[in-house]
Amino acid sequence: MSRVKDVAILGYGGYVPRYRIKASEIARVWGREDDALPIKEKSVNSIDEDVITMAIEACRYALRRAGIDLRKVGAVNVGSESHPYAVKPTGTVVAEALGIPPTHLSADLEFACKAGTEAMQMIAGLVSSGLIECGIAVGADTAQGRPSDALEFTAAAGAAAFVLGRSNGDEVAVIEHMVSYVTDTPDFWRRAHERYPRHASRFTGEPAYFHHTVSAVRALLEETGLRVSDIDYFVFHQPNYKFPYAAAKILQIPKEKVDPGVVTNVIGNTYAACSPLGLVRVLDQAKPGQKIVLTSFGSGAGSDSFLIVTKDGLERKRNLAPLLDSLIARAKYIDYARYLRHREKIRTS
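Nothing here was measured: the structure is a model prediction, and the numbers come from that model.

Some remarks on the overall build of the protein
- A count of helices and strands for the protein gives 11 helices and 14 strands.
- Relative to a compact globule of 349 residues, whose C-alpha radius of gyration would be 20 Å, the protein shows 19 Å and is just as compact.
- Expressed as a percentage of the 349 residues in the protein, the buried residues total 59%.
- Counting only contacts in the protein whose residues sit at least 6 apart along the sequence, the fraction spanning at least 24 positions is 79%.
- Carbon and sulfur atoms form 49% of the exposed surface of the protein, whose accessible area is close to 14400 Å².
- Each charge class in the protein can be summarised by its mean position, and for the 43 positive and 40 negative side chains these summaries are 3 Å apart.

Shown next, in the form of structure tokens:
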């Protein structure tokens, strides 16, 4: 892909449910050892929360920071692998709840955990081409994990939203370049009518996550002519606590430039919202003029990589909505039985 033309992040927002379950509580139920757990704890959606409600919350924060007229929003794209309906769209409900006029495009996207960055790419393309003035890209999930499966320890809930539009002199950041790297790698799948995804563990790391993540970052750096030393922050998809740091080691990125820590270790893998929430957290602390490389990963498999440069509007807009760390800090812990109820793993009909 080529350099992106005049696409800015006008506003951003993240949302994390209040409820948490500790990985040690899941381990207790299934007789696992605490010292081998992939994260510390994860977020759990409430019984009245789903992808739609979480997307709306994240969008409200993003629009508050953007400060734009809703009539300027020409598209709303929502990426998720846990859309509430198999047929009825998510994006239309989100747009209606936000009060966006019906003269806009809407699309629901799926590509495992990179559906959120897919939404960003498509909105960026619409803005760059001049087809729309502004658009909203959302990544949100209430991720599924079969009870006792390794995924259950990390599959979490959350949402991230970005208002993209033309640069207006008061933007949060600009998207300067983006690339994608995709192959047919069967590491993770879920057929129709199955409740939980399946995975081929032997494909999860090297041929899937690491190959695609590293290849996308290398392609981005090569096309932009930048080096690792030129980048201030790297944000990766965070399926667990270790993978982002391992990818950074392959790319010879200093550990202090990688931000998986709080997001992955405390709220888990929020799938389509995972790397976008990492970007939200970086924007919550970055300074104007810094360069960020955001790289997602979606099983099946593929990665999207973006070069983002922060602007002066970031510091003014940052505190117009709750910071991600403040949402993470309001944790309310539940036990495994309540977790089963919240995630509808117990069915009575």
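From this point on, the discussion continues.
Things to note about the sheet that holds strand β3 (residues 41-44)
- Reading across from one edge, β3-β2-β14 is the order of the three strands in this open sheet, with mixed pairing throughout. In this open sheet, the two strands that pair with only one neighbour each are β3 and β14 (332-333).
- Relative to β14, strand β2 (residues 19-22) is paired through two bridges, and the arrangement is parallel. Within β14, the residue paired with Y19 across the bridge is K332.
- Helix-sheet contacts for helix α1 (residues 23-30) involve β2 and β3, and the interaxial angle to β2 is about 50°.

Topic: the state of the cysteines
- Going through the model one piece at a time under the given rule, you end up with zero disulfides.
- The thiol of C113 is not disulfide-bonded; the next cysteine sulfur, from C274, is found 6.9 Å away.
- C274 gets classed as buried once you look at its relative accessible area, which sits at 0%.

Topic: the side chain of H212
- With respect to the helices and strands, H212 occurs in helix α5 (residues 201-224).
- In this structure the side chain of H212 is engaged in a polar contact, spanning 2.7 Å, whose partner is the side chain of T183.
- H212 has contacts with Y181, V182, T183, T185, P207, F297, A301, G302 and S303, leaving out every residue within four places of it along the chain.

Some thoughts on the packing of aromatic side chains
- Enumeration according to the criterion identifies eight aromatic pairs in this entry.
- Ring centres of Y209 and F243 lie 5.1 Å apart, and the angle between their planes is 50°; this geometry places the pair in the tilted category. Placement of the pair is Y209 in helix α5 and F243 in helix α6 (residues 243-250), with a sequence separation of 34 residues.
- A centroid spacing of 5.6 Å and a plane angle of 75° characterise the contact between Y241 and Y245, whose relative ring orientation is edge-to-face.
- One aromatic cluster is present, built from ring pairs that chain together Y209, F210, F243 and F297.
- If you follow K22 out to its NZ or CZ, it ends over the ring of Y333, 4.4 Å from the centre.

Some details on the side chain of T270
- Examined against the element boundaries, T270 turns out to sit in the loop between α7 (261-267) and α8 (274-283).
- Polar side-chain contacts of T270 include one of 3.2 Å to the backbone nitrogen of C274.

Observations regarding the environment of G74
- Relative to the elements of secondary structure, G74 occurs in strand β4 (residues 73-79).
- Judged by relative accessible area, which is 12%, G74 ranks as buried.
- Placed 31 residues apart in sequence, G74 and L105 show a C-alpha to C-alpha distance of 6.1 Å.
- Among all residues touching G74, those that are not within four sequence positions of it are H104, L105, I132 and C134.

Some thoughts on a positive patch on the surface
- A contiguous patch of positive charge, built from R18, K332, R338 and R341, is present on the exposed surface.
- Take R341: it is sitting in helix α11 (residues 336-342).
- Accessibility expressed as a relative area gives 56% for R341, which makes it exposed.

Observations concerning α1
- Of the positions making up α1, those classed as buried are A23, E25, I26 and A27.
- Residues of α1 that are buried sit in contact with β2, β3 and α11.
- G31 sits one or two positions beyond α1 and adopts a positive phi of about 70°.

Structural notes on the nonpolar core
- Counting residues in hydrophobic clusters, the biggest one holds 40 residues, and the most contacted among them are I9, F162 and I308.
- Here this core takes six residues from helix α4 (residues 115-129), the largest share from any one element.
- Sequence-distant contacts of I308, defined by excluding residues within four places in its chain, comprise I9, A173, V174, I175, L279, Q290, K291, I292 and L294.
- Formed by 31 residues, the second largest nonpolar core is a distinct cluster that contains Y15, I56, A66 and A161.

Quick notes on the pattern of salt bridges
- The final tally for this structure, using the stated rule, is 11 salt bridges.
- The shortest N-O distance in the salt bridge between D6 and R166 comes to 3.3 Å. Placement of the pair is D6 in strand β1 (residues 3-15) and R166 in the loop between β7 (157-165) and β8 (173-185), with a sequence separation of 160 residues.
- The structure contains a network of salt bridges with shared partners spanning K114, E118 and D304.

Criteria and thresholds
Residues numbered from 1 in each chain as written. Predicted model: local features only at pLDDT ≥ 70, side-chain atom pairs only at ≥ 80, totals over all residues. Heavy atoms only, no water. Helix = DSSP H or I, 4+ residues; strand = E, 2+ residues; numbered from the N terminus. Rg over C-alpha atoms; globule rule 2.2 N^0.38 Å. Buried < 20%, exposed > 50% of the residue type's maximum accessible area, 1.4 Å probe, protein only. Contact = heavy atoms within 4.5 Å. Areas by Shrake-Rupley, 256 points an atom, 1.4 Å probe, with all protein chains shown as cover. Lys, Arg positive; Asp, Glu negative; His and termini not counted. Charge placed at Lys NZ, Arg CZ, Asp CG, Glu CD. Pairing = 2+ DSSP bridges. Axes fitted to C-alpha atoms, helices over the stretch in contact; angles between N-to-C directions. Disulfide = S-S within 2.5 Å. Polar contact = N/O pair within 3.5 Å; in protein donor to acceptor, adjacent residues only side chain to side chain. Phe/Tyr/Trp six-rings, centres within 6.5 Å; stacked < 30°, edge-to-face > 60°. Lys NZ or Arg CZ within 6 Å of the ring centre and 35° of its normal. Patch = residues over 30% accessible without salt bridge, like charges linked within 9 Å, V, L, I, M, F, W, Y side chains within 5 Å. Salt bridge = Lys/Arg side-chain N within 4 Å of Asp/Glu carboxyl O. Core = buried A, V, L, I, M, F, W, Y, C linked by side-chain atoms within 4.5 Å.

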